[in-house]
Amino acid sequence: MQMSSDKSSAASLALFCKVVDNFGDIGICWRLARQLRQEHGIDVTLWVDDLRSFQRICPAVVLDARLQPIDGVAVRHWDTQDGTYSTGDIADIVIEFFACDIPPGYIDAMAACEPRPVWLNLEGLSAEEWVEGCHTLPSPHPRLPLTKYFFFPGFTSKTGGLLHESSLEEQRERFQSDPAAMSAFLERLGLMPKEIGSLKASLFCYPHAPVPALFDTWRSGGAPVTCLVPEGVAIDAVEDFLGEQPVPGVSRTRDALTVRVLPFLPQEDYDKLLWACDLNFVRGEDSFVRAQWAGKPFIWHIYPQDKNLHHKKLRAFLQRYQAGIGSIDSISELSLRWNGAWIADEGGRESWAGLWRTFEKDMPGIARGAGDWRRDMLVHGDLAMNLLKFVHSIRSDAAQKKV
Ligand code: TRH
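This structure is a prediction, so every number in the text was calculated from the model and none was measured.

### Points about the domain arrangement of the chain
Stage number 1. Split by domain assignment, the chain resolves into domain 1 (12-163 + 381-402) and domain 2 (168-378).
Stage number 2. For domain 1 and domain 2, the distance between their C-alpha centres works out to 31 Å.
Stage number 3. Each partner contributes residues to the interface: domain 1 has 23 residues there, and domain 2 has 25 residues.
Stage number 4. Where domain 1 abuts domain 2, roughly 2,200 Å² becomes buried across the two surfaces, and 53% of that area is made up of carbon and sulfur atoms.
Stage number 5. Of all residues in domain 1, R31, L125 and F155 bury the most surface against domain 2, accounting for 27% of the area lost on that side.

Right, dumping it as structure tokens:
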């Protein structure tokens, strides 16, 4: 979208990211920051409190730099809540990711700006229906003349949509239609020709996933399976299978299953891994969305919440997804079981082996449906674009009120 250069178009943006745990918080913020810079020409500052986690997904990050340019984004180490700021320090758009507390001095300076910056709280992704009612709701500051707006990613046109770079489809298609490029990529990760020719599954999950049950099923299944596990994932189950420490490069075959440990990949390479595999186990939020763009069957391990609140969230997604890909129910069954959300009275197949056999048979149909789902999702526009459109509307309203 080309923004007009009137008073309602914004040139600078500050994105505040607190890493709660793992890699999803910075994974999402980094993607958004880069896209806003590269596709929309916005002057982006990414404030992040944990450079070490950031470095795992983006090796260019220097750990002891307070300010560093990476891919055109100014990356600032957010190491204090103290400090005073002047209005000149404040961006036109201020985004806090997941309601992280931005420095009080920064907020005071925001209130002194004229016009005031547009302030958004970028929320977590959920397929639940309530999201549509909360998306873009304003929340006035209790003390200062500022309003913060909730911005929700989501799966419908009444939400902010999903992160998706404009060149992603082309890159994925180019890669997936070039078997030599895919093989070269997998060889670079250490795979042997036999592994490249087998059914390849990437595995990214939380430690409580029933990985041993899955491994047992694959071991005794008919067709060879190669499971690719980035370092640090499902450590106990992988170590049990390997009989040694799961460090990158280690692999072992038992019966029909080979498990191979990969290094933790830079974010772009992780996308390629999802594109190159026949099946992806993903988790959290960002890898979950990337698996949807990969167009391959995937199983989601949802981030756990107290009182199993995440099971409701999981079912809300599965209901939409299953309908979107053409009502293939083995994906829901396997997903529920993978997440410990399976209720026996719901019927279905009893054993992991039976469930896997059905799922394996359904995989080509799921992959076809995944293409339909991807097209349906892209109709809503991507999150970065939707966010800028919303900002533009807020700034236009404010400018009109001034006239
Ligand atoms: O790592 P996650 O579990 O992250 C999050 C956080 O826990 C967060 O607090 C919570 O809000 C959220 O889940 C729901 O899973 P996620 O979201 O999939 O993020 C992983 C990121 O790491 C993603 O950007 C992909 C990237 N990644 C790589 O770059 N290389 C790899 O090898 C792997 C396995 C992942």
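Picking up after the structure, the text goes on.
### A few points about the sheet that holds strand β14 (residues 298-301)
Stage number 1. Spatial ordering of the open sheet is given by β11-β12-β10-β9-β13-β14, a layout of 6 strands whose pairing is mixed. Of all the strands in the sheet, just β11 (251-254) and β14 have a single pairing partner and so form its edges. Taking the axes of each pair of neighbouring strands and ignoring which way they run, one obtains an average angle of 15° across the sheet.
Stage number 2. Taken together, the 3 bridges between strand β9 (residues 199-203) and strand β13 (residues 279-283) define a ladder with parallel strand orientation. Bridge assignment links A201 to a residue of β13, and that residue is L279.

### Structural notes on helix α13 (residues 330-338)
Stage number 1. By the criterion of burial, α13 is predominantly enclosed, with 9 of the 9 residues buried.
Stage number 2. Here α13 has its buried residues at S330, I331, S332, E333, L334, S335, L336, R337 and W338.
Stage number 3. The inward-facing, buried residues of α13 contact β9, α8 (211-220), β13, β14, α12 (309-325) and α14 (352-378).
Stage number 4. A positive backbone phi angle near 65° is found at G340, which sits one or two residues after α13.

### Concerning the sheet that holds strand β1 (residues 12-17)
Whenever strands of a sheet pair, they do so through backbone hydrogen bonds, lying parallel or antiparallel.
Stage number 1. Strand order across the open sheet formed by 8 strands is β3-β4-β2-β1-β5-β6-β8-β7, with mixed pairing between neighbours. In this open sheet, the two strands that pair with only one neighbour each are β3 (67-70) and β7 (138-140). On average, each strand axis in the sheet is tilted by 25° relative to the strand beside it, whichever way the strands run.
Stage number 2. As paired strands, β1 and strand β2 (residues 43-48) are joined by 6 bridges and run parallel to one another. Within β2, the position partnered with L15 by the bridge is L46.
Stage number 3. Helix-sheet contacts for helix α1 (residues 24-40) involve β1, β2, β3, β4 (73-77), β5 (93-97) and β6 (118-122), and the interaxial angle to β2 is about 165°.

### With respect to the nonpolar core
Stage number 1. If you look at the biggest cluster of nonpolar residues, it comprises 77 residues, and the most contacted ones within it are L203, F215, W218, F317 and W338.
Stage number 2. No other element matches α14, which puts 9 residues into this core.
Stage number 3. Looking at which domains feed residues into this core, each of domain 1 (12-163 + 381-402) and domain 2 (168-378) supplies at least three.
Stage number 4. Once you skip the residues sitting within four places of it in the chain, W338 turns out to touch L203, C205, A209, P210, V211, L214, F281, I299, W300, H301 and W352.
Stage number 5. Within the second largest apolar cluster, 41 residues are counted, among which are L15, I57, A384 and V391.

### Here's the deal with the packing of aromatic side chains
Stage number 1. Across all of its chains, the model carries 33 aromatic pairs by this definition.
Stage number 2. On the numbers, 4.9 Å between centres and 20° between planes, the contact of F16 with W47 is stacked. Taken together, the residues F16 in strand β1 and W47 in strand β2 connect sequence positions 31 residues apart.
Stage number 3. Residue F16 is classed as buried on the basis of its relative accessible area, which comes to 0%.
Stage number 4. Here the aromatic rings of F16 and W78 are separated by 5.2 Å at their centres, their planes lie at 75°, and the arrangement is edge-to-face. A residue pair is termed long-range when its members are at least 10 positions apart, and F16 in strand β1 and W78 in the loop between β4 and β5 qualify at 62 residues. An identical accessibility class is assigned to F16 and W78; each is buried.
Stage number 5. Stacked on the ring of W342, the Lys or Arg R337 has its end atom at 5.3 Å from the ring centre.

### Some details on a negative patch on the surface
Stage number 1. Together, D236, E239, D240 and E244 line one region of the surface with negative charge.
Stage number 2. Position of E239 relative to the elements: it lies in helix α9 (residues 235-242).
Stage number 3. Relative accessible area serves as the criterion here: at 31%, E239 is assigned to the partly exposed category.

Reading the values: rules and limits
- Residues numbered from 1 in each chain as written.
- Predicted model: local features only at pLDDT ≥ 70, side-chain atom pairs only at ≥ 80, totals over all residues.
- Heavy atoms only, no water.
- Domains from an automatic or database assignment.
- Contact = heavy atoms within 4.5 Å.
- Buried area = accessible area lost by both parts, 1.4 Å probe.
- Pairing = 2+ DSSP bridges.
- Helix = DSSP H or I, 4+ residues; strand = E, 2+ residues; numbered from the N terminus.
- Axes fitted to C-alpha atoms, helices over the stretch in contact; angles between N-to-C directions.
- Buried < 20%, exposed > 50% of the residue type's maximum accessible area, 1.4 Å probe, protein only.
- Core = buried A, V, L, I, M, F, W, Y, C linked by side-chain atoms within 4.5 Å.
- Phe/Tyr/Trp six-rings, centres within 6.5 Å; stacked < 30°, edge-to-face > 60°.
- Lys NZ or Arg CZ within 6 Å of the ring centre and 35° of its normal.
- Patch = residues over 30% accessible without salt bridge, like charges linked within 9 Å, V, L, I, M, F, W, Y side chains within 5 Å.
- Areas by Shrake-Rupley, 256 points an atom, 1.4 Å probe, with all protein chains shown as cover.
- Salt bridge = Lys/Arg side-chain N within 4 Å of Asp/Glu carboxyl O.
- Lys, Arg positive; Asp, Glu negative; His and termini not counted.
- Charge placed at Lys NZ, Arg CZ, Asp CG, Glu CD.

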